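What follows is each chain in one-letter form.
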Amino acid sequence: MATKARTFIVFLGPPGSGKGTQAKILEKKLGLPQVATGDLFRYNLKNKTELGLLAKSYMDAGELVPDEVTIRMVEDRLSREDCAPGAILDGFPRNLQQAVALDQMLAPYGGVTVTPLFQVDDEVVVERISGRRICRNCGAVYHVQFNPPKQPGVCDVCGGELYQREDDRPETVKRRLYVYYKQTAPLIGYYFAKGLLEEIDASQPVDQVTAALLAVLAKHGVAV
Ligand code: AP5
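Just so you know, these numbers come straight off a predicted model, no measurement behind them. (Residues numbered from 1 in each chain as written. Predicted model: local features only at pLDDT ≥ 70, side-chain atom pairs only at ≥ 80, totals over all residues. Heavy atoms only, no water.)

Undergrad: Explanation requested: the nonpolar core in the structure shown.
TA: Across soluble globular proteins, nonpolar side chains have a tendency to be buried as a group. L78, L89, L102, M105 and Y191 are the most contacted members of the largest nonpolar core, which totals 26 residues. Counting only elements with at least two residues in this core, the list comes to β1 (7-11), α4 (67-78), β3 (86-90), α5 (96-106) and α8 (186-193). Per-element tally for this core: the top contributor is α5, with 5 residues. Beyond its immediate sequence surroundings of up to four residues, M105 is in contact with I71, V74, E75, L78 and F92. Judged by nonpolar contacts, the second largest core, of 21 residues, contains L32, V114, V209 and L213. (Core = buried A, V, L, I, M, F, W, Y, C linked by side-chain atoms within 4.5 Å. Buried < 20%, exposed > 50% of the residue type's maximum accessible area, 1.4 Å probe, protein only. Helix = DSSP H or I, 4+ residues; strand = E, 2+ residues; numbered from the N terminus. Contact = heavy atoms within 4.5 Å.)

Structural data, given as structure tokens:
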């Protein structure tokens, strides 16, 4: 059985706090793949798979997709070859059951390495989510004000069309925030007790958040 330590970074934080933006930046710097459960569900939805159709009703309502299917999907994703050195987990775990399942999955590899907590006020979350635009083709993330594409509505990376996520409507965002505080925030204590939690001021500009992340990663032995 493999016992080699790998690097597993768990991003914790409310919707719109910048987890996906930073995961994409660190993916390149660290050579670790971003494993984003929200993106995996959206990929399945786009391809009209059974999993995608099941996830849609929960996502549209701002609720969590049931643990059983989510945990199985992550297990499958982490078993792929590109995760051999580890991964950046963005959006998983989101409740205690998922955190326990992740610990079991990662036990042979030394467990979770570090858990940066993205801290931002709710008003910032709403402002960021309402201006978010995503490329339909490659998934690059923009903001109409804070990180605009060169040409409105067009992806700088691949020229694809930019769209607004269904669950980024104000009523759904409110529900997603509620679900975060109720179900995901208890994980702050869970990871703090393990000595893995690192608070990040995620209200700063993107490059400053990246610098803060790299500093806490280095503290936990993850170097660029
Ligand atoms: P998911 O896709 O994971 O959404 P989320 O956690 O709500 O996070 P977001 O993608 O909204 O935000 P983010 O923190 O990545 O911010 P971003 O970088 O885009 O989940 C969606 C749904 O899927 C869930 O509601 C649930 O139904 C289901 N799901 C997913 N995982 C699940 C699980 N484990 N279990 C069960 N169900 C699950 O940034 C936001 C905006 O701000 C962007 O426009 C960006 O350009 C801008 N921005 C980013 N950083 C900065 C900055 N520093 N300054 C200014 N602007 C910034």
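There is more to say after this.
Undergrad: Honestly, the environment of G62 in this entry has me stumped. Any pointers?
TA: Relative to the assigned elements, G62 resides in the loop between α3 (50-61) and α4. Through-space distance from the C-alpha of G62 to that of R132 is 17 Å; in sequence the pair is 70 residues apart. With near-sequence residues (within four places) excluded, G62 lies in contact with T172, R175, R176 and V179.

Undergrad: Even after reading the chapter, I still don't get the sheet that holds strand β6 (residues 141-143), so can you show me in this structure?
TA: The strands making up a sheet are joined through hydrogen bonds of the backbone, oriented either antiparallel or parallel. In space, the 3 strands of this open sheet follow the order β6-β5-β7, with antiparallel pairing throughout. With one partner strand each, in any of the chains shown, β6 and β7 (162-163) form the two edges of the open sheet. Where strand β5 (residues 132-135) lies against β6, 3 bridges are found, and the strand directions are antiparallel. Bridging from a neighbouring strand, R133 pairs with Y142 of β6. With respect to the sheet, helix α6 (residues 122-130) is in contact with β5 and β6, its orientation differing from that of β5 by roughly 40°. (Pairing = 2+ DSSP bridges. Axes fitted to C-alpha atoms, helices over the stretch in contact; angles between N-to-C directions.)

Undergrad: How should I be thinking about the site of the ligand in this particular structure?
TA: Among the 33 residues in the neighbourhood of the ligand, the closest are listed as T21, E63, R94, R132 and R176. Here G16 contributes a backbone N or O atom positioned 2.8 Å from an oxygen atom of the ligand. Mapped onto the shell around the ligand, the elements with two or more residues apiece are α1 (19-30), α2 (37-46) and β6. In terms of residues, the shell around the ligand owes the most to one element, α2, which gives 4 residues. Its residues assigned to classes, the shell around the ligand shows 12 nonpolar, 12 polar and 9 charged. (Near = heavy atom within 4 Å. Polar contact = N/O pair within 3.5 Å; in protein donor to acceptor, adjacent residues only side chain to side chain. Nonpolar A, V, L, I, M, F, W, Y, C, P; charged D, E, K, R; others polar.)

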